[in-house]
Amino acid sequence: MKSIYKHETEIAKNGSAIPIFENGNLVHSKYNPQAEAAKMADRDARYAVVIGVGGGYHIESMHRAHPEMKIIAVENSQDDFDILRDIPCVRSLLKEANIIFCTKNNLAKTLLSTYIPVFHGDLQITTLRAWTTNYPELDAEIRAIINIALKNISADFSVQTHFGRHWHRNILENLKYFSAQKAVSLPVPNGRTAAVIAAGPTLDVAIKKIEKYRKNYVVIATDTAFSALVKRGIFCDVVVSIDCQNVSFRHFLHFPQKNPPLCVFDIGSPHSSIAIAAKNGAPILFSMSAHPLAVLAGQFGHFLSLESGAGTVTIAAADFARQLGFCDIELFGADFSYSRGKPYAAGTYFDEIFGGAESRISRSENAFCALMFRTKLIAEGAGVFSTEMLKKYAQTTRDFFYQHGFSEIEKNKFHTSKKSVIAKAHSVPFSFQDFRTYLLSETEKLLAEKNIEKFKSVFFAHLPLIAAIKEKNLPFFDRLKLAYEASVRYTV
């Protein structure tokens, strides 16, 4: 990529080095770049993106005025940085922890990994005027990248706002249960195929194959399909659930009276679901999530780790089968589409919810139609419809198999010659008391010292809960104190 800077500088009247754009224009004032840059020092924010590095004088001015501000300094390319790093001011700024230099190509990734709305507040965008004047198209391109990244961050923050409290409580309650658990037995292939059961409408027909050849399969059901199988009298070896929504406990209301399946739950799953499984004598295995509180807990014990793509339980169930050592995995009901006028197979908890609420003027069909027509439908064939989101789920599922060396030998049947073996599920004991002591004591220190870098692990562990706290106008550390108090209550 051609650099926008020349491999030479001009010396200002005060002796400062001034980079020169490729078109010959100077980046800063040729008299006093520092005085010019001082005008940008009044930016009062916790997080700022500066478009255009140049000689770095404007960034230095901002950093001196607000040393706690996180500054993301963006340039067009790495070639540009290689030229600019020879300027003394830029070279000194590279040593500052709160200043991150990046190119437009890794800007989105940098924002996603460093910008924390609940802590930083509003993001501020600042542009080096000469940079924008000489390269307006690059300025527009970088601003577009920022806007897209902010939309993704906003969506994630919205999820944290909605689920943060549930996640935090569920994880802590489940960790207490996990601490007292004994090791569980895992199913082994023994020449059988792993039947991963999703709840798509074609399951109503495909289930006949499972019934006929049941001995050839180890049945690994997703939570949504679990009740549909139980109602048909089909024994499940495993049921996998990764949903953190409280309503998901309904998947487990029809637990089999004999031979309960192994239940694999995300550590953030509703504790009500775990309680139902435990009451019915089911062995329980927890998988690690990417929630920072769960990641912190992972330092105190061993957890199963499951891939789920973009949060697809079908992929999580397939990954569990892969890690159990199955070389043959067959998908049932993994339609990622609506067919036969239905979004799900018969027997899921939706039947009970919608059926229980129907009346003479509002039938359950109305509710199912509302569910299917939430977004624009895409015709896939005779009576089969999908959506953009469902199509992405379908592609992500196939990508999962291909990435792990599986090939599709028949429709929805995958085979690999490479056998994976799961790590022993409870090889490292987990002490909830040790984890609790660390979480609370380190949070107390963070509240006292307000040093985020020093106590980074507990800082991140509480962020989703802080996002869910309703008192939005409170200062950050006051909200952290509320989160700490909630952690104390949840761990008693």
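Structure: see above.
### Structural notes on the overall build of the protein
- Counting secondary structure elements, the protein contains 19 helices and 18 strands.
- Considering the protein as a whole, with its 492 residues, one finds that 51% of them fall into the buried category.
- In the protein, once contacts between residues fewer than 6 apart in sequence are set aside, the share between residues at least 24 apart is 64%.
- Here the protein displays about 23,300 Å² of accessible surface, and carbon together with sulfur accounts for 52% of that area.

### Description of the sheet that holds strand S4 (residues 70-75)
- Read from one edge of the open sheet, four strands run S5-S4-S3-S6, paired in parallel fashion. The sheet is open, and its two borders are formed by strand S5 (99-103) and strand S6 (124-127), each paired with just one other strand. Direction aside, the axes of adjacent strands within the sheet are offset by 25° on average.
- This element, helix H5 (residues 107-114), spans strand S3 (47-51), S4 and S5 of the sheet and lies at about 150° to S5.

### Some thoughts on the packing of aromatic side chains
- Applying the stated criterion to the full structure yields 27 aromatic pairs.
- Relative to Tyr-438, the ring of Phe-300 lies with its centre 5.5 Å away and its plane at 55°, an arrangement referred to as tilted. With Phe-300 in the loop between helix H12 (292-297) and strand S12 (304-305) and Tyr-438 in helix H17 (residues 432-449), the pair connects residues that are 138 residues apart, well separated along the chain.
- Here Tyr-438 falls in the partly exposed class, since its relative accessible area comes to 27%.
- Ring geometry for Phe-430 and Phe-435: centres 6.1 Å apart, planes at 45°, overall tilted. Pair check on accessibility: Phe-430 and Phe-435 agree, each one buried.
- An aromatic cluster of three or more residues is present, and its members are Tyr-177, Phe-178, Phe-286, Phe-300, Phe-303, Phe-430, Phe-432, Phe-435 and Tyr-438.
- Residue placement shows Lys-450 over the ring face of Phe-477; its charged tip is 5.2 Å from the ring centre.
- Cation over ring: Arg-489 sits above Tyr-490, and NZ or CZ is 5.9 Å from the ring centre.

### Describing the packing of H17 against helix H19 (residues 476-490)
- At a minimum axis separation of 11 Å, H17 and H19 run at an interaxial angle of 160°. Between H17 and H19, the angle falls in the class roughly antiparallel. Judged by the sense of rotation from one axis to the other, the crossing of H17 with H19 is left-handed. Where H17 approaches H19, its residues Arg-436, Leu-439, Leu-440, Thr-443, Glu-444, Leu-446 and Leu-447 are matched on the opposing element by Phe-477, Leu-480, Lys-481, Tyr-484, Ser-487 and Val-488.
- By residue class, the composition of the contact of H17 with H19 is eight nonpolar, two polar and three charged.

### What about the state of the cysteines?
- Summed over the entire model, instances satisfying the criterion amount to zero disulfides.
- Considering cysteine sulfurs only, Cys-263 is the nearest to Cys-236, which forms no disulfide, with 9.5 Å between them.
- When its relative accessible area of 3% is taken as the criterion, Cys-236 is described as buried.

### A short note on the nonpolar core
- One finds Leu-175, Ile-197 and Phe-435 to be the most contacted residues of the largest nonpolar core, which totals 64 residues.
- Counting residues per element, this core draws most heavily on H19, at seven residues.
- Ignoring anything within four residues of it in the chain, the contact list for Phe-435 reads Leu-172, Leu-175, Leu-293, Leu-296, Ala-297, Phe-300 and Phe-430.
- The next biggest cluster of nonpolar side chains, apart from the first, holds 44 residues, and it includes Ile-4, Val-49, Val-53 and Tyr-135.

So, how was this worked out
Residues numbered from 1 in each chain as written. Predicted model: local features only at pLDDT ≥ 70, side-chain atom pairs only at ≥ 80, totals over all residues. Heavy atoms only, no water. Helix = DSSP H or I, 4+ residues; strand = E, 2+ residues; numbered from the N terminus. Buried < 20%, exposed > 50% of the residue type's maximum accessible area, 1.4 Å probe, protein only. Contact = heavy atoms within 4.5 Å. Areas by Shrake-Rupley, 256 points an atom, 1.4 Å probe, with all protein chains shown as cover. Pairing = 2+ DSSP bridges. Axes fitted to C-alpha atoms, helices over the stretch in contact; angles between N-to-C directions. Phe/Tyr/Trp six-rings, centres within 6.5 Å; stacked < 30°, edge-to-face > 60°. Lys NZ or Arg CZ within 6 Å of the ring centre and 35° of its normal. Parallel < 35°, antiparallel > 145°, perpendicular 65-115°, else oblique. Left-handed = near helix turned anticlockwise from the far one by under 90°. Nonpolar A, V, L, I, M, F, W, Y, C, P; charged D, E, K, R; others polar. Disulfide = S-S within 2.5 Å. Core = buried A, V, L, I, M, F, W, Y, C linked by side-chain atoms within 4.5 Å.

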